[in-house]
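So you can see what is in the structure, the chains are spelled out below.
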Amino acid sequence: MEVRHLDKKYDNGFHADKDISFTLPSGLLVGLIGPNGCGKTTMMRCINKMHQPTGGDILIDGESVLPKTPAEVARLVSNVPAEMTASFGLTVFETVMLGRYPYLQNMWWETEEDESMVEETLRKFGILHLQDRPLNMLSSGERQRVLIAKAYVQNPRLMLVDEPTSHLDMKYKLDVMEYLRAMVKQDMTILVAEHDISLMARYCDRCIIMKKGEIVAMGDPKKVITEELIRDVYEVEASVGTDKDGEIYVLPKRFVGEYHL
Ligand SMILES: Nc1ncnc2c1ncn2[C@@H]1O[C@H](COP(=O)(O)OP(=O)(O)OP(=O)(O)O)[C@@H](O)[C@H]1O
């Protein structure tokens, strides 16, 4: 994927993403990190054409997504949103089946092949036993797995995952990251926006750090994430250390900016 000079100004004039450019090879897990409101979700929504960028372009396998139809984009990019607004009483099976809809051609019903793909995916994600349960009767951790399974069955080249672990306990956080990690091995790039920097540093091949609508750093998390960077981006003094296994952890200590009440 290549993002070229991506720019997004909302109708009220707010400039959420400013001239963003980067390239990602396939087969990577990439962490998108930055403070609340720095433009991560906006960028993801431009990449999957939920929002129309004000400028720039997004290319996947060398082709711009901008002239593509929603179904064409959905065959290339899948999306795990931060919040699942309405599920309309859909079951787990029906929810994951939605991931096959971009592939239906002139038919409004799924084939046996789609059904067996969904079943296989439910099994792979350990949620087959939940298949008849309505989505709104699941725990947050179970629901997150279902939404990732739906994005996976869409068979995209790029998966966008927005804050997948925000309501999860540490076991489910690791669970989600393990699934994402396992999926990238299959030649799919995953871009995951997440506030848990230690988790990102541990699992991601690369990270992209944003501040106020711009990219301020990009690269190997073990090299990029430093106390100076955290201070600059979050205005927070933090200890960045390495544990006995060589994993980075970030311990926030105090806010060093100015409060604006
Ligand atoms: N539809 C909109 N109209 C105007 N401004 C918007 C709109 N959507 C988002 N914004 C603003 O754009 C900025 C970036 O929002 P965005 O959701 O992309 O941030 P984010 O980095 O994903 O934040 P968070 O980590 O809190 O989810 C914010 O200041 C937000 O208020």
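Residues numbered from 1 in each chain as written. Predicted model: local features only at pLDDT ≥ 70, side-chain atom pairs only at ≥ 80, totals over all residues.

Naming follows an unreviewed UniProt entry, where the chain appears as ABC transporter related protein of Methanomethylophilus alvi.

What follows covers the site of the ligand. Near the ligand you find Y10, N12, F14, A16, G34, N36, G37, C38, G39, K40, T41 and T42, and these make up its full shell. Looking at which element gives the most residues to the shell around the ligand, the answer is helix 1 (residues 40-47), with three residues. (Near = placed C-beta within 6 Å. Helix = DSSP H or I, 4+ residues; strand = E, 2+ residues; numbered from the N terminus.)

By the secondary structure assignment, L128 is in the loop between helix 4 (112-124) and helix 5 (140-153). C-beta crowding within 10 Å serves as the criterion here: with 15 such atoms nearby, L128 is assigned to the partly exposed category. As a C-alpha pair, L128 and P70 span 58 residues in sequence and 29 Å in three-dimensional space. (Buried ≥ 20, exposed ≤ 12 C-beta atoms within 10 Å, placed from the backbone.)

The pairing of strand 1 (residues 2-9) with strand 4 (residues 55-60) spans four bridges and is antiparallel. Bridged to V3 within strand 4 is I58. Here strand 4 runs beside strand 5 (residues 63-64); their pairing, made up of two bridges, is antiparallel. In the sheet register, I60 faces strand 5, and the bridge partner there is E63. Taken together, strand 4 and the strand that follows it, strand 5, pair antiparallel across an intervening segment of two residues, in which D61 is found at a positive phi of about 50°. (Pairing = 2+ DSSP bridges.)

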